[in-house]
Amino acid sequence: MANAPTLEAIKYAKGKLDLLDQLKLPFEFEYMKINTCEECWEAIRKMNVRGAPAIAIAAALALAVEATKKESEGGTGDAAKEWLMTKLEYLKTSRPTAVNLFNDCDRLIAFVQKTSGDGAAVLRAYIDEAEKMLEKDIADNMAIGKAGGEAIVAAAKAKGRDKVKVLTHCNTGSLATARYGTALGVIRWLHENGKLEHAYCTETRPYNQGCRLTAFELVFEKIPATLITDSMASYLMATEGIDAVVVGADRVVCNGDTANKVGTYQLAIAAKYHGAGMYVAVPFTSIDTKLKSGKEIHIEQRPADELTCINGTRIAANDIGVWNPGFDVTPGTLITGLITEKGIVTKAAEGAEFDVGAFVAANK
């Protein structure tokens, strides 16, 4: 099957960055022009751009746009380094949970520190390095799609099934990455290779990324799919025979505990009960080997009006309290496999913990 056209959340040319405004989807298709790091910080914070890989790439390229304009100013290499590192530290403050942003900004800071030359040379080197992130993300996503698709097909074949039914949560496709996607990239690979019977996506309350974004991508690419509410997932597994749940990740730590969009944890519990595989699609940039368990992950609390209002209209009773974590943490013991661009991270036994650090060290 020929590859279908995919959406682009990030459009970049030297000195120019446009981000697809995902708050306006699916009813309006409009790009935001990003000229400064401050504009990008706001876009990340307000979730005009979202998805762990996409926000890291957007941040790096926003600084590349500013650096392109600054090239002609001259100056010393040390001054350029200080300017770049200050901007990168600032961009890290936009959202706290997605580790890609921190990993990539820290990697770029280390790169800048080692760069030599005058101000213009330092800025050019940074621009070149930031631009490489787009190309690498697409290649990594396609590798994740293939690895995950093959693992799910193999597990289904062992049960006598040739095609699979897959459930996904939130949005992990072209809109959350440079292109192709992580978890949705797995579904895309299954479809392209004639192995997908049907895909299901949750609406993903309270921000409706599944309803607004994933459903939009699935329809755009003509992938057979059905939308469900978050509360229907367990009954769907019981009645439709879901083969696998595949989700993305904002942060995976050493033992496999996974921070992802809130609602992932309950899907993992339901998958375990119903005998469905529970897979997390995670590029190396979303892995945090500094943390030992999910108890150490800082979970972002989102504004109350995301839960109490829809499109600016209040639907909840006035004065009701709101608890609105943007993410939850799924224990690694509930996860079947971690799908990376280097292959599948597995466990020694059912219910055991992952040794993610060892896998990363062996595949650097």
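Coordinates for the structure precede this section.
Predicted, not measured: the structure shown is a model, and the values here were computed from it.

1. Regarding the overall build of the protein chain
For step 1, the next point in the chain: In terms of regular secondary structure, the protein chain is built from 11 helices and 16 strands.
For step 2, the next point in the chain: The C-alpha atoms of the protein chain give 20 Å as radius of gyration, which agrees with the globular expectation for 364 residues (21 Å, within 12%).
For step 3, the next point in the chain: The dimensions of the protein chain, computed from C-alpha atoms along their principal axes, are 65 × 55 × 45 Å.
For step 4, the next point in the chain: The 364 residues of the protein chain split such that 57% are buried.
For step 5, the next point in the chain: Once local pairs closer than 6 in sequence are excluded, the contacts in the protein chain between residues at least 24 apart make up 75%.
For step 6, the next point in the chain: Roughly 15300 Å² of accessible area belongs to the protein chain as shown, and the carbon and sulfur atoms make up 55% of that amount.
For step 7, the next point in the chain: Where the 42 positive side-chain charges of the protein chain centre and where its 46 negative ones centre are 2 Å apart.

2. As for the packing of helix H1 (residues 37-45) against helix H2 (residues 52-70)
For step 1, the next point in the chain: Contact geometry for H1 and H2: axes closest at 9 Å, N-to-C directions at 165 degrees. Compared by their axis directions, H1 and H2 come out roughly antiparallel. Taken as a pair, H1 and H2 cross one another with a handedness that is right-handed. Packed against H1, whose contacting residues are Cys37, Glu38, Cys40 and Ile44, the element H2 presents Ile55, Ala58, Ala59, Ala62, Leu63 and Glu66 at the interface.
For step 2, the next point in the chain: Residue composition of the contact of H1 with H2, grouped by class: eight nonpolar, no polar and two charged.

3. Observations regarding the packing of aromatic side chains
For step 1, the next point in the chain: Applying the stated rule across the entire model yields four aromatic pairs.
For step 2, the next point in the chain: Relative to Tyr90, the ring of Trp41 lies with its centre 5.9 Å away and its plane at 20 degrees, an arrangement referred to as stacked. Of this pair, Trp41 sits in helix H1 while Tyr90 sits in helix H3 (residues 77-91), placing them 49 residues apart in sequence.
For step 3, the next point in the chain: An angle of 70 degrees between the planes, with centres 6.2 Å apart, marks the rings of Phe284 and Phe359 as edge-to-face. With Phe284 in the loop between strand S10 (277-281) and strand S11 (287-288) and Phe359 in helix H11 (residues 356-362), this residue pair connects regions lying 75 residues apart in the sequence.
For step 4, the next point in the chain: Taken together, Phe29, Tyr31 and Phe216 form an aromatic cluster joined through their ring pairs.
For step 5, the next point in the chain: A cation over a ring is seen here: Lys70 above Trp83, with NZ or CZ 5.0 Å from the ring centre.
For step 6, the next point in the chain: The positively charged end of Arg212 is found above the aromatic ring belonging to Tyr207, 5.8 Å away from the centroid.

Definitions and limits used
Residues numbered from 1 in each chain as written. Predicted model: local features only at pLDDT ≥ 70, side-chain atom pairs only at ≥ 80, totals over all residues. Heavy atoms only, no water. Helix = DSSP H or I, 4+ residues; strand = E, 2+ residues; numbered from the N terminus. Rg over C-alpha atoms; globule rule 2.2 N^0.38 Å. Buried < 20%, exposed > 50% of the residue type's maximum accessible area, 1.4 Å probe, protein only. Contact = heavy atoms within 4.5 Å. Areas by Shrake-Rupley, 256 points an atom, 1.4 Å probe, with all protein chains shown as cover. Lys, Arg positive; Asp, Glu negative; His and termini not counted. Charge placed at Lys NZ, Arg CZ, Asp CG, Glu CD. Axes fitted to C-alpha atoms, helices over the stretch in contact; angles between N-to-C directions. Parallel < 35°, antiparallel > 145°, perpendicular 65-115°, else oblique. Left-handed = near helix turned anticlockwise from the far one by under 90°. Nonpolar A, V, L, I, M, F, W, Y, C, P; charged D, E, K, R; others polar. Phe/Tyr/Trp six-rings, centres within 6.5 Å; stacked < 30°, edge-to-face > 60°. Lys NZ or Arg CZ within 6 Å of the ring centre and 35° of its normal.

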